[in-house]
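Topology and contacts: notes
One-letter residues, chain by chain:
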Number of protein chains: 2
Amino acid sequence: MGGDHAPHEIVAGAVHAVRERGLSVVLVGSPRVVYEALADHDATKEVPIVRAEEALAMDEGALASLRRPRSSIAIACHLVRRGDASAVVSAGSTAGIVATGRLRLKAQQGVLRPAIAVALPTLPTPTLLLDAGANAEAKPEMLVQFAHLGAAYAELAYGIEAPAVGLLTIGSEAEKGNKLVKRAHELLQASPGLSFAGNVEGHDLLTGKVNVITTDGFTGNVALKTMEGAVRYAFSELRETISDSRLARLGAAMQRSRLRELRRRLDAEAYGGAVLLGLNGTVVIAHGSSKAPAISAACQLAADLSADGIVAGTGDRVAATHRSHRLW
Amino acid sequence: MGGDHAPHEIVAGAVHAVRERGLSVVLVGSPRVVYEALADHDATKEVPIVRAEEALAMDEGALASLRRPRSSIAIACHLVRRGDASAVVSAGSTAGIVATGRLRLKAQQGVLRPAIAVALPTLPTPTLLLDAGANAEAKPEMLVQFAHLGAAYAELAYGIEAPAVGLLTIGSEAEKGNKLVKRAHELLQASPGLSFAGNVEGHDLLTGKVNVITTDGFTGNVALKTMEGAVRYAFSELRETISDSRLARLGAAMQRSRLRELRRRLDAEAYGGAVLLGLNGTVVIAHGSSKAPAISAACQLAADLSADGIVAGTGDRVAATHRSHRLW
């Protein structure tokens, strides 16, 4: 029920995941609405529906998750908690997903706050940015936990040994930044079991300089959306430049297929969704603007993470690191 | 003396500004070092040097401006204060320039903190982002002042009537964001003489949706550097894609000149420098990585701003708006 293009693109993505990827998908929402969307694909017998009386609107925030215990996202989390589903995928209100996840699935042992981890398209392995928007207000201790969650995820999901962690701020020297990051810098330096590589800046997000970037959810979300907007801008400017003359158009025709392929890699949809780390359950948050291919990719990511026990393993590893160093 | 490529690129830029733009430039720094750099251009008789015993290193912060009263940036500010120069241009440490400017030139009447305004390359007129890094820690009242400073500058410098002002945060609804922006949102809505257009997000920086974007210096700096990094990334990825096959290389050759032109427009250097608003004097902060063309462009911007009385007029207008509404 969530996302700018719900229900049709969401349902189309689910049908694609079932038919083309062989995944097992359950749709949670208004039976009438979802059934009609499934009928458009002759898929009413292929994808089961679980009834949810209500849904969170895209502009509803964290409080709505308390007001609506029967929302589609709440029911979906319940399925995971009961073991009837392995993971949740949603393109709905991020604040609503995070709040509902915390309420229904609970945070992993010792985790102060779950964080949204986004995989940025660096090579050879993605750079993880977290928190990308779950906690607009954060304390220094949370930034240290985000660093540990991200490092554990990078190890388990990408096989990176001792991932390098950077702290997002406005200068490379230790004393650069606001109070939050200055204190977080001290704590990160003193944190055992972490390869802290010091400060990173906005232009380091896509250079692959570090494997994990820790930041508060406000800064992380602004940076992520700025990056998306800048890439979109560069491509639209480029399109305009290319079609500016006949000679250029000729060259553009040759490259169109390559450009499309590149843009897809850079595009928000290609991230395949953000992962909510720190909860007792796998939750993948798809971009609000997701269309069917992005939803299908998010379902694949959710299935892979769940099959490999990545989110649970991330929590276990963070808890073990902290226990062994008696930090809690 | 400041900047990653000082003194040679800085001096080369100054010589270009004098010879090609007909500007009158004074170089402030170590006479021996600057003289030698001028000699490389046979320009020792064209560009006067004012002696400064010391210089702030690029990694020196705000406190160094107190420790070094005879730094090149301090002497340059003095020249403006005494009326011996119309404006300062520096590619040195941003924190050092801001702190020295506040100390030597003082804030305009009623201004809590000067802010760095950067003109983003939107069309038909630039979008001003401020604060882009002067104040890592800000109070809600400062964000309102940045909005007024930016709006007055947009009117005077670009002739935009009643510029639309947006508040940078992580969602379009009023309640989205951290404590700082939520309070700033309330104050901006109640602020007379301001066309407040509500919240904007990271992807709105380059869409031209608003004329002015107000934010704290930490978020603004992260967003700006993220934007620069993303544009650079998109172009380098594109270059790689293009040279990937012979057919594509043919197309690329045709477009190379257009691509170069576009990249220049998007590139950090093309901004021609950021302006420090709220001080009794015109200060243009060039990018630390500036080479000669960027320094020459920054000199032009400084000369134009000074000739048109833009920075002084911005302060006067903000003071008048506030006086008439008895806010101070």
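Attention here is on the structure that accompanies the text. (Residues numbered from 1 in each chain as written. Chains lettered and ligands numbered in written order. Predicted model: local features only at pLDDT ≥ 70, side-chain atom pairs only at ≥ 80, totals over all residues. Heavy atoms only, no water.)

Describing the overall build of chain A
- For chain A, the count of helices and strands is 11 helices and 10 strands.
- The buried share of chain A, reckoned over its 328 residues, is 57%.
- Restricting to contacts in chain A with at least 6 residues of sequence separation, those with at least 24 account for 69%.
- A total accessible area of about 13800 Å² is found for chain A, and carbon and sulfur atoms account for 48% of it. (Helix = DSSP H or I, 4+ residues; strand = E, 2+ residues; numbered from the N terminus. Buried < 20%, exposed > 50% of the residue type's maximum accessible area, 1.4 Å probe, protein only. Contact = heavy atoms within 4.5 Å. Areas by Shrake-Rupley, 256 points an atom, 1.4 Å probe, with all protein chains shown as cover.)

A few points about the pattern of salt bridges
All names here are of chain A.
- All told, the structure shown has 18 salt bridges over all chains when counted by the stated rule.
- Across the pair Arg 19 and Glu 46 runs a salt bridge, and its minimum N-O distance is 2.7 Å. In this pair, Arg 19 sits in helix H1 (residues 8-21) while Glu 46 sits in the loop between helix H2 (31-39) and strand E2 (49-51), placing the two residues 27 residues apart along the sequence.
- For Arg 19, a relative accessible area of 38% puts it in the partly exposed group.
- Ionic pairing is found between Lys 209 and Asp 204, a salt bridge with its closest N-O pair at 3.8 Å.
- Take Lys 209: its relative accessible area is 52%, and that puts it in the exposed class.
- Judged by relative accessible area, Asp 204 falls into the buried class, the value being 9%. (Salt bridge = Lys/Arg side-chain N within 4 Å of Asp/Glu carboxyl O.)

Describing the packing of aromatic side chains
Residue and element names in this part refer to chain A.
- For the coordinates displayed, the defined rule picks out two aromatic pairs over all chains.
- On the numbers, 5.9 Å between centres and 85° between planes, the contact of Tyr 153 with Tyr 158 is edge-to-face.
- For Tyr 153, a relative accessible area of 3% corresponds to the buried category.
- Residue classification places Tyr 158 among the partly exposed residues on the basis of a relative accessible area of 26%. (Phe/Tyr/Trp six-rings, centres within 6.5 Å; stacked < 30°, edge-to-face > 60°.)

Digging into the packing of helix H1 (residues 8-21) of chain B against helix H2 (residues 31-39) of chain B
All names here are of chain B.
- Relative orientation of the contacting elements H1 and H2 amounts to 60°, with a least axis distance of 9 Å. By the angle between their axes, H1 is oblique relative to H2. The two elements H1 and H2 meet at a crossing, and its hand is right-handed. Mapping the contact onto sequence places His 8, Val 11 and Val 15 in H1 and Val 34, Ala 37 and Leu 38 in H2.
- Split into classes, the residues belonging to the contact of H1 with H2 amount to five nonpolar, one polar and no charged. (Axes fitted to C-alpha atoms, helices over the stretch in contact; angles between N-to-C directions. Parallel < 35°, antiparallel > 145°, perpendicular 65-115°, else oblique. Left-handed = near helix turned anticlockwise from the far one by under 90°. Nonpolar A, V, L, I, M, F, W, Y, C, P; charged D, E, K, R; others polar.)

So, the sheet that holds strand E4 (residues 115-120) of chain A
Residues and elements named next belong to chain A.
- A sheet is described by the order of its strands in space; here eight strands give the open sequence E3-E10-E9-E4-E5-E8-E6-E7, paired in mixed fashion. The sheet is open, and its two borders are formed by strand E3 (87-90) and strand E7 (195-200), each paired with just one other strand. Neighbour to neighbour, the strand axes of the sheet diverge by 25° on average, direction disregarded.
- Looking at chain direction, E4 and strand E9 (residues 274-277) are connected through three bridges and run antiparallel. Bridging from a neighbouring strand, Ala 117 pairs with Val 275 of E9.
- Sheet contacts for helix H5 (residues 94-105): E3, E4, E9 and strand E10 (282-285); angle to E10, the most-contacted strand, approximately 175°. (Pairing = 2+ DSSP bridges.)

Some words on the nonpolar core
- Ranked by size, the top nonpolar core spans 194 residues in total, and within it Ile 116 and Leu 205 of chain A together with Ile 116 and Leu 205 of chain B carry the most contacts.
- Formed jointly, this core draws a minimum of three residues from each of two domains, domain 1 (1-111 + 278-308) and domain 2 (118-271) of chain A.
- Residue contacts for Leu 205 of chain B: discarding those within four places in its chain leaves Thr 226 of chain A together with Leu 120, Thr 122, Thr 127, Leu 129, Leu 168, Ile 213, Ala 223 and Met 227 of chain B. (Core = buried A, V, L, I, M, F, W, Y, C linked by side-chain atoms within 4.5 Å. Domains from an automatic or database assignment.)

Describing helix H6 (residues 140-158) of chain A
Residues and elements named next belong to chain A.
- With 19 residues, H6 extends 26 Å between its outermost C-alpha atoms, agreeing within 8% with the 27 Å of an ideal straight helix rising 1.5 Å per residue.
- Buried residues dominate H6, accounting for 14 of its 19 residues.
- In the segment just after H6, Gly 159 is the residue with positive phi, at about 70°. (Expected span 1.5 Å × (residues − 1).)

Notes on the environment of Glu 175 of chain A
- Mapping Glu 175 of chain A onto the fold places it in the loop between strand E6 (164-168) and helix H7 (179-190).
- Remark: the alpha-carbon pair of Glu 175 of chain A and His 185 of chain A, spanning 10 residues in sequence, is separated by 8.5 Å.

Here's the deal with the sheet that holds strand E6 (residues 164-168) of chain B
Residues and elements named next belong to chain B.
- Across the sheet, which stays open at both edges, the eight strands sit in the order E3-E10-E9-E4-E5-E8-E6-E7 with mixed pairing between neighbours. Taken across any chain shown, the strands that pair with only one partner, and hence form the sheet edges, are strand E3 (87-90) and strand E7 (195-200). Across the sheet, the mean angle from the axis of one strand to that of its neighbour is 25°, orientation sign disregarded.
- With three bridges joining them, E6 and strand E8 (residues 212-214) adopt parallel strand pairing. The residue of E8 that forms the bridge with Gly 166 is Ile 213.
- Where helix H10 (residues 292-307) meets the sheet, its contacts fall on E3, strand E9 (274-277) and strand E10 (282-285), and the angle it forms with E10 comes to roughly 160°.

As for unusual backbone geometry
- Here Leu 130 of chain A and Asp 131 of chain A are connected by a cis peptide whose omega angle stands at 5°.
- When you line up the elements, Asp 131 of chain A lands in the loop between strand E5 (127-130) and H6.
- One non-glycine residue, Asp 42 of chain A, lies in positive phi territory at about 50°.
- Structurally, Asp 42 of chain A can be placed in the loop between H2 and E2.
- Look at Asp 42 of chain A and you get exposed, because its relative accessible area is 68%.
- The phi angle at Ala 162 of chain B is positive, at roughly 40°, despite the residue not being glycine.

Considerations on the packing of H1 of chain A against helix H10 (residues 292-307) of chain A
Residue and element names in this part refer to chain A.
- Across the interface, H1 lies against H10 with an axial gap of 7 Å and an inter-helix angle of 55°. In terms of orientation, H1 and H10 fall into the oblique class. For the crossing formed where H1 meets H10, the hand is right-handed. Side by side, H1 and H10 meet where Glu 9, Ile 10, Ala 12, Gly 13, Ala 14, His 16, Ala 17 and Arg 21 of the first sit next to Ala 292, Ile 295, Ser 296, Ala 297, Cys 299 and Gln 300 of the second.

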